[in-house]
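Here is how the chains run, residue by residue.
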2 protein chains.
Amino acid sequence: MTPAARRVLEAAGRLFYERGIHAVGVDLIAAEAGVTKKTLYDRFGSKEQLVVEYLADRDERWRAFLAPRLAASASPQGRVLAVFDASRDWTNANSPRGCSMVNAHAEIDDPSHPAYALINGQKQWMLTLLTDLVRPLVPATADSLGRTLMLIHEGALVAHGLRIFPGALDHAREQAAILLAGAADPGSAN
Amino acid sequence: MTPAARRVLEAAGRLFYERGIHAVGVDLIAAEAGVTKKTLYDRFGSKEQLVVEYLADRDERWRAFLAPRLAASASPQGRVLAVFDASRDWTNANSPRGCSMVNAHAEIDDPSHPAYALINGQKQWMLTLLTDLVRPLVPATADSLGRTLMLIHEGALVAHGLRIFPGALDHAREQAAILLAGAADPGSAN
DNA sequence: CGTCGAGTATACAGATCGGTTTAGTATGGA
DNA sequence: TCCATACTAAACCGATCTGTATACTCGACG
């Protein structure tokens with residue numbers, strides 16, 4: 001990726017996330033990147049493709065942010081909680097307005113849009129991750145617990161983005177810890 | 001509200017929800033409503049105001065949908081579960097693409113936009129409702145349990161809208177029931 | 001009978017949209 | 001030296017955007 005392309009992607013990412021995809025025009029992106037529209041179209045071809053690369057880049061950076069924290073956790077419980085810790089730090093630093101995938105989904109109705117598969121894939125990856133992390137703890141009910149953790153996690157991202165109440169991700173982490181403790185205990189419902 | 005205004009609001013609500021607010025122009029709304037643009041602007045004044053009335057109307061209809069189900073439940077537990085049941089039926093009938101408030105929020109960056117207060121008010125209303133419903137059960141920890149239920153509920157709406165896994169609202173209801181059962185039990189955490 | 005509100009039809013305005021085109025500059029490697 | 005790549009500058013395209021203006025019809029109501 002050329003330096004100009006990197007600046008375009010940075011500007012597009014910032015503007016798309018803060019103002020919404022349809023609300024941001026390519027002229028503004030080019031201007032903010034200090035680049036002409038010709039360069040933008042030479043590198044990305046279309047606004048649609050730029051949207052796809054924006055989402056792919058954000059997902060990639062999130063996974064790179066999460067990976068070392070997962071690797072640093074020794075226990076399954078610790079790894080699940082590391083996901084919530086990482087989400088808290090990530091949202092505080094990069095996502096005041098909630099999940100970029102969810103927000104982008106709100107603006108894209110066409111399921112054949114190339115961003116659709118990316119958005120769905122990202123959520124499936126998170127669900128699979130959480131489910132796989134709890135499988136050693138609760139082999140029989142890993143799917144159910146994974147889904148519950150997913151709901152709490154997604155709910156916390158929304159609550160954070162809409163400022164429903166402060167500390168949503170901390171609260172989510174607490175509840176996740178309780179669920180994990182209850183799951184480890186044999187006589188528990190789930 | 002005149003018949004033409006009602007048709008405009010119906011068309012706007014359908015199109016805004018299905019395609020996104022910025023993706024739908026007033027010309028299309030007027031055409032779908034079988035109305036001229038002049039009539040639309042005579043009744044609503046601006047697209048922004050139409051957006052506000054779209055969200056207000058949807059919120060009003062949701063509350064009207066929920067109210068009798070709450071009234072029909074005798075116990076606090078039953079009323080909380082009635083919220084999840086109502087959400088499941090409502091989303092199946094009206095919200096294949098998730099919460100209209102969350103989706104609208106993704107498209108509105110300006111906190112001074114009149115829709116902002118409406119969106120925030122709707123979420124605060126839901127949080128207060130859930131918290132007040134569990135207060136008789138757990139007077140000391142109602143705020144915490146209300147927030148947890150809110151996270152699960154919002155997460156389920158997102159999971160439903162993004163098709164993360166099927167039956168998200170049923171799963172949310174199950175988990176809510178477990179939380180309520182655990183909360184009623186004295187020796188429990190939370 | 002007269003008036004007023006609600007509506008249609010249509011043209012228009014100015015801005016912005018995504019995207020293209022033409023022309024030219026600077027750089028670095030074969 | 002030659003040539004491809006990366007870029008700037010700026011004009012241009014047709015379409016669409018929100019919003020307005022003009023002129024008219026129709027029915028209800030006093």
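Before reading on, note that the structure itself is shown above.
Residues numbered from 1 in each chain as written. Chains lettered and ligands numbered in written order. Predicted model: local features only at pLDDT ≥ 70, side-chain atom pairs only at ≥ 80, totals over all residues. Heavy atoms only, no water.

Quick notes on the protein's contact with DNA strand C
Around DNA strand C, the surrounding shell holds 18 residues, and the nearest of these are Val26, Lys37 and Lys47 of chain A together with Thr39 and Arg43 of chain B. Taken together, the sugar and phosphate atoms account for 59% of what DNA strand C places within 4 Å of the protein. Taking Val24 of chain A, its main chain carries an N or O atom lying 3.5 Å from a phosphate oxygen of DNA strand C. Take Lys47 of chain A: an N or O atom from its side chain is 2.6 Å from a phosphate oxygen of DNA strand C. Secondary structure elements with two or more residues in the surface near DNA strand C: helix H2 (26-33) and helix H3 (37-44) of chain A together with helix H1 (3-19) and helix H3 (37-44) of chain B. Classifying every residue of the surface near DNA strand C by side-chain character gives six nonpolar, six polar and six charged. (Near = heavy atom within 4 Å. Polar contact = N/O pair within 3.5 Å; in protein donor to acceptor, adjacent residues only side chain to side chain. Helix = DSSP H or I, 4+ residues; strand = E, 2+ residues; numbered from the N terminus. Nonpolar A, V, L, I, M, F, W, Y, C, P; charged D, E, K, R; others polar.)

Concerning the protein's contact with DNA strand D
Among the 19 residues in the neighbourhood of DNA strand D, the closest are listed as Thr39 and Arg43 of chain A together with Asp27, Lys37 and Lys47 of chain B. Sugar plus phosphate: this is where 51% of the atoms of DNA strand D within 4 Å of the protein reside. Taking Thr2 of chain A, its side chain carries an N or O atom lying 2.9 Å from a phosphate oxygen of DNA strand D. A distance of 2.7 Å separates a phosphate oxygen of DNA strand D from a polar atom in the side chain of Lys47 of chain B.

So, the interface of chain B and chain A
It is common to give the size of an interface as the accessible area lost on bringing the parts into contact. Counting residues at the interface gives 42 residues for chain B and 42 residues for chain A. Approximately 3,500 Å² of surface area, both sides summed, lies buried where chain B meets chain A, with 66% of it carried by carbon and sulfur atoms. Considering only the side of chain B, the residues that lose the most area to chain A are Leu151, Leu162 and Ile164 of chain B, jointly responsible for 19% of the buried surface there. Taken together, chain B and chain A are joined by zero salt bridges. Linking chain B with chain A are 16 residue pairs in polar contact (both at pLDDT 80 or more), by the criterion used here. Mapped by element, the contributors of at least two residues to the side of chain B that touches chain A are H1, helix H6 (100-107), helix H7 (114-134), helix H8 (142-161) and helix H9 (168-184) of chain B. (Contact = heavy atoms within 4.5 Å. Buried area = accessible area lost by both parts, 1.4 Å probe. Salt bridge = Lys/Arg side-chain N within 4 Å of Asp/Glu carboxyl O.)

Some points on H1 of chain B
Residue and element names in this part refer to chain B. In this model H1 runs 24 Å from its N-terminal to its C-terminal C-alpha over 17 residues, within 8% of the 24 Å that 1.5 Å per residue would give. Within H1, the full set of buried residues consists of Ala4, Ala5, Val8, Leu9, Ala11, Ala12, Gly13, Leu15, Phe16 and Tyr17. Buried residues along H1 sit against helix H2 (26-33), H3, helix H4 (47-71), helix H5 (76-94) and H6. (Expected span 1.5 Å × (residues − 1). Buried < 20%, exposed > 50% of the residue type's maximum accessible area, 1.4 Å probe, protein only.)

A closer look at a negative patch on the surface
Taken together, the side chains of Glu18 of chain A together with Glu48, Asp109 and Asp110 of chain B present a region of like negative charge at the surface. With respect to the secondary-structure elements, Asp109 of chain B resides in the loop between H6 and H7. Given the relative accessible area of 36%, Asp109 of chain B is considered partly exposed. (Patch = residues over 30% accessible without salt bridge, like charges linked within 9 Å, V, L, I, M, F, W, Y side chains within 5 Å. Areas by Shrake-Rupley, 256 points an atom, 1.4 Å probe, with all protein chains shown as cover. Lys, Arg positive; Asp, Glu negative; His and termini not counted. Charge placed at Lys NZ, Arg CZ, Asp CG, Glu CD.)

Focus: helix H4 (residues 47-71) of chain A
In a regular helix each residue adds 1.5 Å, so 25 residues correspond to 36 Å; H4 of chain A covers 36 Å between its end C-alpha atoms and thus fits that length. For H4 of chain A, the elements touching its buried residues are helix H1 (3-19), H2, H3, helix H5 (76-94), helix H6 (100-107) and helix H7 (114-134) of chain A.

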